[in-house]
Structure formats: structure tokens, C-alpha cells
Amino acid sequence: DALKTGLYSTEQLQVRVRSDTSQPDVTVDDKGNGQYAVTYTPSTAENHEVDVRFENEPIVSSPFKIDVQKKSGASDCVMSGDCLAHGSQLFLGDPLEFEVDTSKAGEGPLTVLATSPNGQSMPAFMSDKGEGVIT
């Protein structure tokens, strides 16, 4: 049976998952044929160390580290600019400018699609200001 404390231990198999701020739940499914399926879901984005032992001796490649990253996502991007205010106006020939801060979104591409009210594609230009800020 799995103990939900970040540690699974029997006389033969021991599995421990550690991180700086949390100790994830570890689940081990004993397949009954000498094989085990180990599962854990990290709750923090940081380095985790996984230590697997058989009869208290580290198995080959154990312990090992896993760099847990936060998934990137559009919900972590923030747009800002005067044009986003309700009722803002733009005059013909003037550029529409706003910033998108992607610094908390993780790795991934940013795409800007501009369309007219009738659905026609319009040119959009992006400039990387550094540190995850795009104009």
C-alpha cells in the first residue's frame, strides 16, 4: 500500500520524493511480479529529488533530480496599454500599440492575429523589449 507522505517503504522497496518546499504524495502500485509502478504529481515548480532503493541500497541512476516547471499558458500573460480602456479611440493611420507581458507564462511562442470587423487579416508587428515583454 502507498503512504501519502512522500515516502513509500516496504522491506524491499523504498521510494522518497523530496523538494525544498513540499514533499509530494507518492503512490506505488505493486504489480505482484517484482515490478512496481511509481506515481507522484508535484505541486510546486522547483527541483525534486527522487530516491529509489531496493533493500535499502540505491538502485542504478538513483537518486535523480527532476526540474519541475510550471506549464506555460495564455492565462499567465498580461496585456496593457491605453487602447485597452473601454471606449478608447484610434484615428485612421495611427498605430494601435499595447504590451503583452509573457514573463510568468513560461516558454512558448506568442502569436498576434489582427483582423478587421469583416474578418480580413491585417498586418501585425511585434517587438521584443526583453524580459518577456512584447510590444
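Everything that follows concerns the structure shown earlier in this document.
Quantities reported herein were computed from a predicted structural model and do not represent experimental measurements.

Counting across every chain of the model gives zero disulfides. Its sulfur unpaired, Cys83 is 16 Å from the next cysteine sulfur, which belongs to Cys77.

This brings us to the pattern of salt bridges. Evaluation of the coordinates by the stated rule reveals four salt bridges. Linking Glu49 and Arg18 is a salt bridge whose minimum nitrogen-to-oxygen distance equals 3.1 Å. Within this pair, whereas Glu49 is found in strand E5 (residues 47-54), its partner Arg18 is found in strand E2 (residues 13-19), the two being separated by 31 residues in sequence. Classification of Arg18 by relative accessible area gives partly exposed; the value is 36%. The partner of Glu49 in a salt bridge is Lys65, with the nearest N and O atoms 3.5 Å apart. Remark: Lys65 occurs in strand E7 (residues 64-67) and Glu49 occurs in strand E5; sequence separation between them is 16 residues.

Criteria and cut-off values
Residues numbered from 1 in each chain as written. Predicted model: local features only at pLDDT ≥ 70, side-chain atom pairs only at ≥ 80, totals over all residues. Heavy atoms only, no water. Disulfide = S-S within 2.5 Å. Salt bridge = Lys/Arg side-chain N within 4 Å of Asp/Glu carboxyl O. Helix = DSSP H or I, 4+ residues; strand = E, 2+ residues; numbered from the N terminus. Buried < 20%, exposed > 50% of the residue type's maximum accessible area, 1.4 Å probe, protein only.

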